[in-house]
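So you can see what is in the structure, the chains are spelled out below.
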Amino acid sequence: MWDDAFPSFLIGLREGLEAGLIVSILVATLVRAEARSRLPQVWTGVLAAIAVAMSFGAVLTFTAASMPQTAQEAFGGTLSVIAVAFVTAMVFWMRRSARNLSSELKQKVTGALAMGSGMLVLTSFLAVGREGLETALFLWTTAQAAGESAGPLTGAAIGLVLAAGLCWGLYRRVLKINLTKFFTATGVVLIVIAAGVLGYGLRDLQEGGVLPGRTAYAIDLAGSIDAGSWYSTLVQGVFNLMPTMTWLQVVAYVGYLVVVMTLFVRGVRATAPKSKPKPEPAERPATEAPAGPRPRTGRRPAWVIPTAVVAVPAVIAGLAVALGRPKPAGDQTVAVSETDCGKGFTAPAPGRQTFRMHNTGRQASEVYLVDPSTNAVYGEIEGLAPGTTRDLVATVAGGTYAWRCVPASGRAVTSKPVTVRGGGAAKPVTPVSEQDLAGPLKAYKAYVGHGLDTLVGQTGTLRRDIEGGHLDKARTDWLTAHRTYASLGAAYGTFEDFDKKIDGRADGLPGGEHDKDFTGFLRLEYGLWHGQSAKELTGPARQLDTDAAGLRKAFPSQDFDPGDLPLRAHEILENTLQFELTGDTDEGSGTNLATADANLTGTRELLTVLEPLLTSRSPRLLPTVDTDIDRVRKLLDAAHDGDHWTPVEKLPAADRQRLDGATGQLLEDLAPVPDLLEIRKSA
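This text gives an overview of the structure that appears in the document. Fair warning: this is a prediction, and the values are worked out from it, not measured in the lab. (Residues numbered from 1 in each chain as written. Predicted model: local features only at pLDDT ≥ 70, side-chain atom pairs only at ≥ 80, totals over all residues. Heavy atoms only, no water.)

### Side note on the sheet that holds strand β4 (residues 351–359)
How we decide: The criterion for strand pairing is that DSSP finds at least two bridges linking the strands in question. What counts as a helix is a DSSP run of H or I of at least four residues, what counts as a strand is a run of E of at least two, and both are numbered from the N terminus. Under this scheme, a helix contributes an axis fitted over its contacting stretch, all axes are lines through C-alpha atoms, and angles between N-to-C directions fall in the 0 to 180 degree range.
Across the sheet, which stays open at both edges, the three strands sit in the order β3-β4-β7 with mixed pairing between neighbours. Unpaired on one side and paired on the other, β3 (333–336) and β7 (389–396) mark the two borders of the sheet. Strand-to-strand twist of the sheet, defined as the mean angle between neighbouring strand axes without regard to direction, takes the value 35 degrees. Where β4 lies against β7, eight bridges are found, and the strand directions are antiparallel. Across the sheet, residue Gly351 finds its bridge partner in β7, namely Val396.

### Brief notes about a nonpolar patch on the surface
Applied cut-off: Surface patches are drawn from residues lacking salt bridges whose relative accessible area is over 30%; two like charges belong together within 9 Å, two nonpolar side chains (Val, Leu, Ile, Met, Phe, Trp, Tyr) within 5 Å. Using a 1.4 Å probe, the Shrake-Rupley method yields the accessible areas, and only the shown protein chains count as cover for residues. What counts as a salt bridge is simple: a side-chain nitrogen of Lys or Arg found within 4 Å of a carboxyl oxygen of Asp or Glu.
A cluster of nonpolar side chains, Val254, Val258, Val259 and Leu263, forms an exposed patch at the surface whose accessible area comes to about 340 Å². Within the secondary structure layout, Val254 lies in helix α9 (residues 247–271).

### Side note on the state of the cysteines
Formally: We call a pair of cysteine sulfur atoms a disulfide when they lie within 2.5 Å. Burial classes follow relative accessibility: with a 1.4 Å probe on protein chains only, a residue under 20% of its type's maximum area counts as buried, one over 50% as exposed, and anything between as partly exposed.
Taken as a whole, this structure holds one disulfide when the rule is applied. Cys341 shares a disulfide with Cys405; S-S distance 1.9 Å. Here the S-S torsion is close to 70 degrees, and the disulfide linking Cys341 with Cys405 is therefore right-handed. Here Cys341 is found in the loop between β3 and β4, whereas its partner Cys405 is found in strand β8 (residues 399–407), with 64 residues between them in sequence. This pair shows no difference in class: Cys341 is buried, exactly as Cys405 is.

### Notes on the environment of Asn599
Here is the rule: Should any heavy atoms of two residues lie within 4.5 Å, those residues are counted as being in contact. Counted as a polar contact is a pair of N or O atoms within 3.5 Å, where, for protein atoms, one must be capable of donating a hydrogen and the other of accepting one, and residues adjacent in sequence contribute only when both atoms are in side chains.
Following the sequence through the fold, Asn599 ends up in helix α17 (residues 592–617). Look at Asn599 and you get buried, because its relative accessible area is 9%. Every residue in contact with Asn599, bar those within four places of it in the chain, is listed here: Ala486, Ile572, Leu573, Thr576 and Glu580. A distance of 2.8 Å separates a polar atom in the side chain of Asn599 from a polar atom in the side chain of Thr576.

### Thoughts on the pairing of β8
Where burial is concerned, most of β8 is hidden: seven out of the nine residues are buried. Where strand β5 (residues 365–370) lies against β8, six bridges are found, and the strand directions are antiparallel. If you follow Val367 over to β8, its bridge partner there is Cys405. Here β8 pairs with strand β10 (residues 418–420) via three bridges, running antiparallel. Bridging across to β10, Gly399 finds its partner in Val420. The pairing of β8 with strand β9 (residues 413–414) spans two bridges and is classified as antiparallel.

### A look at helix α15 (residues 534–554)
What counts here: Expected helix span is computed as 1.5 Å times (number of residues minus one).
Over its 21 residues, α15 extends 30 Å from the first C-alpha to the last, a length consistent with the 30 Å expected when each residue adds 1.5 Å. When α15 is considered as a whole, its buried residues turn out to be Ala534, Leu537, Thr538, Pro540, Ala541, Leu544, Asp545, Asp547, Ala548 and Leu551. Those residues of α15 that are buried are in contact with α11 (434–467), α12 (471–486), α13 (498–503) and α14 (521–528).

### Quick look at the packing of α12 against α14
The line we're drawing: What sets the label is the angle itself: under 35 degrees gives roughly parallel, over 145 gives roughly antiparallel, 65 to 115 gives roughly perpendicular, and the rest give oblique. With the far helix as reference, a near helix turned anticlockwise by less than a right angle produces a left-handed crossing, and one turned clockwise produces a right-handed crossing. Note on residue classes: Ala, Val, Leu, Ile, Met, Phe, Trp, Tyr, Cys and Pro are nonpolar, Asp, Glu, Lys and Arg are charged, and everything else, Gly too, is polar.
Between α12 and α14, whose axes approach to 11 Å, the crossing angle comes to 155 degrees. Here α14 runs roughly antiparallel to α12, going by the angle between their axes. Considering only the axes of α12 and α14, their crossing is left-handed. Across from Leu471, Ala474, Arg475, Trp478, Ala481, His482 and Tyr485 in α12, the residues of α14 making contact are Phe521, Leu522, Leu524, Glu525 and Leu528. Split into classes, the residues belonging to the contact of α12 with α14 amount to nine nonpolar, one polar and two charged.

### As for empty space enclosed by the protein
Stated precisely, the cut-off is as follows: Using only the protein atoms, space was sampled on a 1 Å grid; points where a 1.4 Å probe fits but cannot get out form cavities, open sets with protein on both sides within 12 Å along at least five of seven lines form pockets, and lining residues are those with an atom within 4 Å of a point. Grid points are joined across faces, edges and corners, and a volume is the space filled by probe spheres set on the points.
All chains considered together, the criterion is met by one cavity of 30 Å³ or more. Its volume calculated, the largest cavity comes out at about 50 Å³. Every residue along the wall of the largest cavity is listed here: Leu573, Thr576, Leu581, Ala596, Leu600, Val632, Leu636, Leu659 and Thr663. Tallied by class, the residues present in the lining of the largest cavity amount to seven nonpolar, two polar and no charged.

### A look at the pattern of salt bridges
Any two side chains of opposite charge can pair, on the condition that their charged atoms come close. Applying the stated criterion across every chain yields a total of 17 salt bridges. Its salt-bridge partner being Asp626, residue Arg604 comes within 3.7 Å of it at the nearest N-O pair. Of this pair, Arg604 sits in helix α17 while Asp626 sits in helix α18 (residues 621–637), and the two are 22 residues apart along the sequence. Its relative accessible area of 27% is what places Arg604 among the partly exposed residues. For Arg631, the salt bridge is made with Asp628, and the minimal N-O distance between the two is 3.2 Å. Of this pair, Arg631 and Asp628 both sit in helix α18, three residues apart, roughly one helical turn. Both residues of the pair, Arg631 and Asp628, count as buried. In the salt-bridge network here, residues are joined through shared partners; they are Arg463, Glu467, Arg542 and Asp545.

### Let's talk about the side chain of Asn592
Here Asn592 is to be found in helix α17. Here the side chain of Asn592 touches Glu580 through a polar contact of 2.6 Å, side chain to side chain. Not counting the four nearest positions on each side in its chain, Asn592 is found in contact with Phe579, Glu580, Gly583, Thr585, Asp586 and Val648.

### What to know about unusual backbone geometry
Not every positive phi belongs to a glycine, and Asn375 is a case in point at roughly 70 degrees. With respect to the element layout, Asn375 can be found in the loop between β5 and β6 (377–384).

### Quick look at the packing of α17 against α18
Running from N to C, α17 and α18 point in directions that differ by 170 degrees, and their axes come no closer than 11 Å. Relative to α18, the element α17 lies roughly antiparallel. The interaxial crossing formed by α17 with α18 has left-handed handedness. Two secondary-structure elements touch here, α17 through Leu593, Ala596, Asp597, Leu600, Thr601, Arg604, Leu607, Glu611, Leu614 and Thr615 and α18 through Leu622, Val625, Asp626, Ile629, Asp630, Val632, Arg633 and Leu636.

### Quick word on the environment of Glu207
Examined against the element boundaries, Glu207 turns out to sit in helix α7 (residues 179–207). Judged by relative accessible area, which is 22%, Glu207 ranks as partly exposed. Note: C-alpha distance between Glu207 and Arg620 (413 residues apart in sequence) is 9.8 Å.

### Side note on the packing of aromatic side chains
Defined as follows: The aromatic pairing rule takes the rings of Phe, Tyr and Trp, using the six-membered ring of Trp, and pairs them if the centres are within 6.5 Å, calling planes under 30 degrees apart stacked, those over 60 edge-to-face and the rest tilted. By definition, being over a ring means that NZ of Lys or CZ of Arg is both within 6 Å of the ring centre and within 35 degrees of the ring normal.
Counted under the stated rule, the structure contains ten aromatic pairs. Measuring from centroid to centroid gives 4.8 Å for Tyr378 and Tyr401, while their planes differ by 55 degrees, and the two rings are tilted. In this pair, Tyr378 sits in strand β6 while Tyr401 sits in strand β8, placing the two residues 23 residues apart along the sequence. With centroids separated by 6.4 Å and ring planes inclined at 75 degrees, the aromatic side chains of Trp478 and Phe521 adopt a geometry described as edge-to-face. Here Phe521 lies in helix α14 and Trp478 lies in helix α12, a separation of 43 residues in the sequence. One aromatic cluster is present, formed by Trp478, Tyr485, Phe495, Phe521, Trp529 and Phe555 through successive ring pairs. We note Lys445 situated over the ring of Phe555; from NZ or CZ to the ring centre the distance is 5.7 Å.

So, in structure tokens, the structure goes:
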């Protein structure tokens, strides 16, 4: 957690020390002026500044949480850039002002004493408030970068506590710190950290669609760096440098670092004292200081102002959160039945909404929130059972909306449309029909048919190798044929019962590898790599050749649901991660990674035939997935030399983690494909 905590620790220490020094100087000035009775006014201003900063952080957090994902990315990126600007300005201001901070504040306090209690509250509030707002903004951006880690808040808390201790020591003259050197050193480190925050913020803006170049990578070290290692985690957490960075991130990072660091270092040299500065005169005892103006005696209770300065920012923040978040549509209970769909539905406010869908009918029903003019889908619930209530969450913007209920049996019912006024952006999914998938399905079946023709020739060669006793050649030809089969996307019943015969595992069979029902590629793999004779393997080889020929003959007439085609894009690699990258299906050849490589080929072919449909619905999906596939391919390529593949269990731990992580990322990016291309019921 320390890697996430360090930037926040440093900003908490530095900003806390700045604010603490200011408070210490204010308090010391009042004490020397024999105006201790005015100290509550200083603490009131400090309390108000803290309340404003915390309220500001709450508004950022809750406002962002109510936004759609892309808007959250854009919002977070914008605030990251603003935070960098604030931190940069703070670094230069403190470098310039640290030497004269005390005298400047004393002048302000002297003026405030003459102008009444309100000015003293305002002086302390303004002196501390800037640091508080900067801290809240910087912590929010670093917390966004750290995700669910508690590191940023922990680091900031430690930094603020340490800063408070240092300020107390300085006030009591227990400690002596060269503040100019301290703020110079921390300034250098903060500039480096701010460069990383700038890069992270620009990446968020790219993810949110505000800036271009989302997939234009200048650095892609994901295939050679273990993202889970301690050193990688440390670099990412402290400096926000990622294994994969776009050109915009790299140029901004380097440009900011070179320009700002150069200006900062030059400024330090320019302001460095040529001779030893004269020591400040010792403090005069409080009894020698001239008496300051006496506070006015007021009738107002002492607790009123402190309570108000805390309550007012909290109330304003609460109103900002309440008004900034969309009005919950959960108060609307929308009825669903075979005859009446959308009863109780009224036009919601724009934004992210939650609808409570209650099935009052006698049949389970599919429920869709649609644009009735285009049938585009904004949200859905599958299989809403009679008498049950479930929430449907959707983002709505200006436009026309209606509910469509499709009962298990019967015709679809569409509600009366309502019109939503206002701006915003909502991204519906354009519905896909069986006709839309007919072309991709035909192309994919042609690919599989051609692959089966090749497979039958290869299993025939393998059979002849074994019949002739050429087992060394059989091992090579076995891998060739098995890779061909693995590239055809045999996932979740694509080839019906033939898949179990051709590539079934021994798991669950009473006799395991020696069971009579254990057939196909894995049966031959076990025999070829466990010393079985050609005589023992001839029967399984002939059976495999027969089953491959049977599949080629049966495939054109097999039932292939068009709606299953998008599922294969995810399921093939799901099988790969579950079975091949764990070594679970290895029967001795150690070629699971070769099979994984073939599965990757099959996935890419599926995406090729689905490309027109995917591009029109999610233009950024395929470029991202292509990058993921290339990353996994590079990792697999590094695991073999010619015909020799490294067994999964012999991969170095770091290489295996990288491969699993890259495949997991690919699966995550493929996850939207089934939803984007789902055939939704309309009648």
